[in-house]
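# Examination of the molecular architecture
Listed below, chain by chain, are the residues.
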Amino acid sequence: MGYWAKLKSSGWAYPTTVLSIYGFLANCRVAEPFLTPYLIGPNKNISEEVVTNYLFPVWTYSYLAFLFPVFLLTDFLKYKPVIMVQGLFLVSNYLLLSFAPGLPAMTFLQVNFGIVTSTEVAYFSYIYSVIPLKSYQKATSYLRSAMLTGYTFGASLGQMLVSLGGVDYFYLNAITLGIVCAAFLVSFWLPMPKRTMFFKTEAAVGSQSQKKGSLRNNRQRDSEADKDGESLEDKEMEHAGGAGCCSRESVITAGPLLWKSFKESYSSRHLVYWSLWWALATAGYMQIFNYIQLKWDHIEPSATSSVYNGAVEAVSSVVGAAAAFSVSFINVTWATWGELTLGLFSAVCSGAVYLMAFTSSIWACYAAYVLFKSCYMFLITITIFQIASNLSMECYALTFGINTFIALLLQTIVTVIVVDETALGLDIVTQFIIYGSYYAAISALFLIRGTYTACVHQRSVDQTETRGKEPGGEVISSERF
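Residues numbered from 1 in each chain as written. Predicted model: local features only at pLDDT ≥ 70, side-chain atom pairs only at ≥ 80, totals over all residues. Heavy atoms only, no water.

Under the annotation held in an unreviewed UniProt entry, the protein carries the name Solute carrier family 19 member 3b and is attributed to Poecilia reticulata. Recorded in UniProt under Subcellular location (unreviewed entry), the annotation for the protein is "Membrane". (UniProt positions renumbered as here; feature names shortened; annotations may be inferred.)

## Digging into the packing of aromatic side chains
Overall, the coordinates contain 23 aromatic pairs when judged by the stated rule. When the centroid spacing of 5.7 Å and the interplanar angle of 25° are considered together, the rings of phenylalanine 34 and tyrosine 169 count as stacked. Linking phenylalanine 34 in the loop between α2 (13–27) and α3 (35–40) with tyrosine 169 in helix α9 (residues 169–186), this pair joins segments that are 135 residues apart in sequence. Each of the two residues, phenylalanine 34 as well as tyrosine 169, counts as buried. Taking the centre distance of 6.1 Å and the plane angle of 20° together, the rings of tyrosine 285 and phenylalanine 289 count as stacked. (Phe/Tyr/Trp six-rings, centres within 6.5 Å; stacked < 30°, edge-to-face > 60°. Helix = DSSP H or I, 4+ residues; strand = E, 2+ residues; numbered from the N terminus. Buried < 20%, exposed > 50% of the residue type's maximum accessible area, 1.4 Å probe, protein only.)

## Focus: the packing of α2 against helix α5 (residues 80–99)
α5 packs onto α2 with a crossing angle of 25° between their chain directions and a minimal axis gap of 12 Å. Accordingly, the angle class assigned to the pair α2 and α5 is roughly parallel. Crossing of α2 against α5: the hand is left-handed. Here α2 contributes Leu19, Tyr22 and Ala26 to the contact with α5, which in turn contributes Ile83, Gln86, Gly87 and Leu90. Per-class residue counts for the contact of α2 with α5 are 5 nonpolar, 2 polar and no charged. (Axes fitted to C-alpha atoms, helices over the stretch in contact; angles between N-to-C directions. Parallel < 35°, antiparallel > 145°, perpendicular 65-115°, else oblique. Left-handed = near helix turned anticlockwise from the far one by under 90°. Contact = heavy atoms within 4.5 Å. Nonpolar A, V, L, I, M, F, W, Y, C, P; charged D, E, K, R; others polar.)

## Thoughts on helix α6 (residues 103–118)
When the terminal C-alpha atoms of α6 are compared, their 23 Å separation across 16 residues agrees well with the 22 Å that a helix rising 1.5 Å per residue should span. Ala105, Met106, Thr107, Leu109, Gln110, Asn112, Phe113, Gly114, Ile115, Val116, Thr117 and Ser118 are the residues of α6 that are buried. Here the buried face of α6 lies against α3, α4 (48–76), α5 and α7 (120–126). (Expected span 1.5 Å × (residues − 1).)

## Examining the pattern of salt bridges
Considering all chains together, one arrives at 3 salt bridges under this definition. Of the charged contacts, one joins glutamate 313 and lysine 373 as a salt bridge, the two residues approaching to 3.4 Å between their closest N and O atoms. With glutamate 313 in helix α15 (residues 309–325) and lysine 373 in helix α17 (residues 362–388), the pair connects residues that are 60 residues apart, well separated along the chain. Comparing glutamate 313 with lysine 373, the two get one shared label, buried. (Salt bridge = Lys/Arg side-chain N within 4 Å of Asp/Glu carboxyl O.)

## A look at the environment of tryptophan 274
Along the polypeptide, tryptophan 274 turns up in helix α14 (residues 269–299). Using a relative accessible area of 1% as the deciding quantity, one classes tryptophan 274 as buried. For tryptophan 274 and leucine 342, which are 68 residues apart along the polypeptide, the C-alpha to C-alpha distance reads 9.0 Å.

## Here's the deal with the packing of α2 against α9
Running from amino to carboxyl end, α2 crosses α9 at an angle of 160°, the nearest separation of the two axes being 8 Å. What the angle tells us is that α2 and α9 run roughly antiparallel. With respect to the hand of their crossing, α2 and α9 are arranged in left-handed fashion. Between α2 and α9, the residues in contact are Val18, Ile21, Tyr22, Leu25 and Ala26 and Ile179, Val180, Ala182, Ala183 and Val186, respectively.

## Here we look at the nonpolar core
Grouped together as the largest cluster of nonpolar side chains are 119 residues, with contacts concentrated most on Leu19, Met106, Trp277, Met356, Phe372, Phe432 and Tyr439. Both domains that furnish three or more residues to this core are identified here as domain 1 (15–190) and domain 2 (258–461). Those residues in contact with methionine 106 that sit more than four places away from it in its chain are Leu39, Lys44, Ile46, Leu55, Leu96, Leu97 and Ala100. (Core = buried A, V, L, I, M, F, W, Y, C linked by side-chain atoms within 4.5 Å. Domains from an automatic or database assignment.)

## As for the confidence of the model for the protein
For the protein, per-residue confidence averages 79 on the pLDDT scale, and residues scoring 70 or more make up 77% of the total. The lowest-confidence element of the protein is helix α11 (residues 215–223), averaging 42 in pLDDT; the highest-confidence one is α9, averaging 95. The model gives residues 207–244 a pLDDT under 50, and that stretch makes 53 contacts with residues more than four places away or in other chains. (pLDDT = per-residue confidence, 0-100.)

## Here we look at the environment of serine 346
If you trace the backbone, serine 346 turns up in helix α16 (residues 334–358). Overall, the relative accessible area of 0% leaves serine 346 in the buried class. There is a polar contact of 3.0 Å between the side chain of serine 346 and the side chain of tryptophan 277. (Polar contact = N/O pair within 3.5 Å; in protein donor to acceptor, adjacent residues only side chain to side chain.)

## A few points about the side chain of serine 275
Among the structural elements, serine 275 can be located in helix α14. Among the residues examined, serine 275 registers a relative accessible area of 4% and is labelled buried. Among residues more than four places away in sequence, those in contact with serine 275 are Tyr266, Ile387, Thr399 and Asn403.

## Things to note about α2
Between its terminal C-alpha atoms α2 stretches 21 Å, which fits the 21 Å expected from 15 residues at 1.5 Å a residue. For α2, the buried fraction is high: 12 of the 15 residues fall into the buried class. Within the span of α2, buried status applies to Ala13, Tyr14, Pro15, Thr16, Val18, Leu19, Ser20, Tyr22, Gly23, Leu25, Ala26 and Asn27.

## Some words on a nonpolar patch on the surface
Among the surface-exposed residues, Leu409, Ile413, Val416, Ile417 and Leu424 lie close enough to one another that they form a single nonpolar patch of about 420 Å² accessible area. Here isoleucine 413 is to be found in helix α18 (residues 393–419). (Patch = residues over 30% accessible without salt bridge, like charges linked within 9 Å, V, L, I, M, F, W, Y side chains within 5 Å. Areas by Shrake-Rupley, 256 points an atom, 1.4 Å probe, with all protein chains shown as cover.)

## A closer look at the environment of serine 374
Checked against the element boundaries, serine 374 lands in helix α17. The sequence separation of serine 374 and alanine 324 amounts to 50 residues, and the corresponding C-alpha distance is 7.9 Å. Setting aside chain neighbours within four positions, we find serine 374 in contact with Val319, Gly320 and Ala323.

Given below as structure tokens:
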């Protein structure tokens, strides 16, 4: 009891610990790497064509439909209720997978999972509303590590149970059901936030604007905290707007705040290009992640071959995390070389997807998937860092929501045209050829733009050096502007 009392009094450690435990359990989905073999196997007995061209597209459409309303509701309801809803729908998701027979039940399952994925924004946003600003970086690191550890542990455990214990896929879903039930219970322990980002009263908005106008006062407030770890800024926001976040006044002020954040987020051409890559590449990544199990099953049918989906997902997560972690040790002027880097590594992604499309070796397909996921994790880490470091928390949250929405919109367009049985309804090999071409187009776009940016920067440097060598010449740094 003394330990928990001390943890609660730290201000940031208690909510971060509880949310990390929730993140670990919610992502420890032992059965997820084996979803496709489970659906097309004797447990559900659904054909591969129906899963590819009908069932999985339902998830994409549901995710798109729920994402933006959930994004607004998340802030309006102060995050915690939405996290609890995610936990509840995770439980219902694995109840359906374990016990509900028939195609209609699996169709509803995809809608159910669309709600689960759309509520992930609450997990990433909640912590910033309950801890001081100075603890943001530390808490973010712990939360992402918890998610990665949970996913890797779940995939590894599932692979060991299947390969070493010969456990049926049904029992993997039953085990996952127990784990997500524990996650749902943990969500009740989260403290309720006292402030929101957009739904504030006019008094709260005015108070926040005054603090932003004075850098000195802002720094002073960030450095001062009471015994509970709550900053003076948090106290003022709670006093000014905490009680009335669901009032009519807060709803009226939300619109102007959203528009102001939108203009700030996309006012820089540099940030627009980073956001463009985020949306384009994420759409392709989600599509490949959604259908990779079907590609593996096409190369080596799970009914007649050993399945190593869990091991591959675990390895790709660890390698991807290592690639993302390496970003912090790379000293590069991203404003100059960032777009060229996006183009080069997108070309690697394209090559990896083409290899997945054309190879008949399951091990080559596994290796290509690990390479693809690692490159994406490396690039998305750079992109998120570049965007977040230039924006306020409100603007970053809005940018995250808009970029994800655009990515989903693009993914939905691809799904409707390429995958859905009412349109082309292409086979899985042809789909991956198109996805490889999609990344090739992204690579070409950013290689051209990156080369132009690098040339302009180099010309600017040469002109500056030339002026500096002239007698009496003054070197004018571009940083002044």
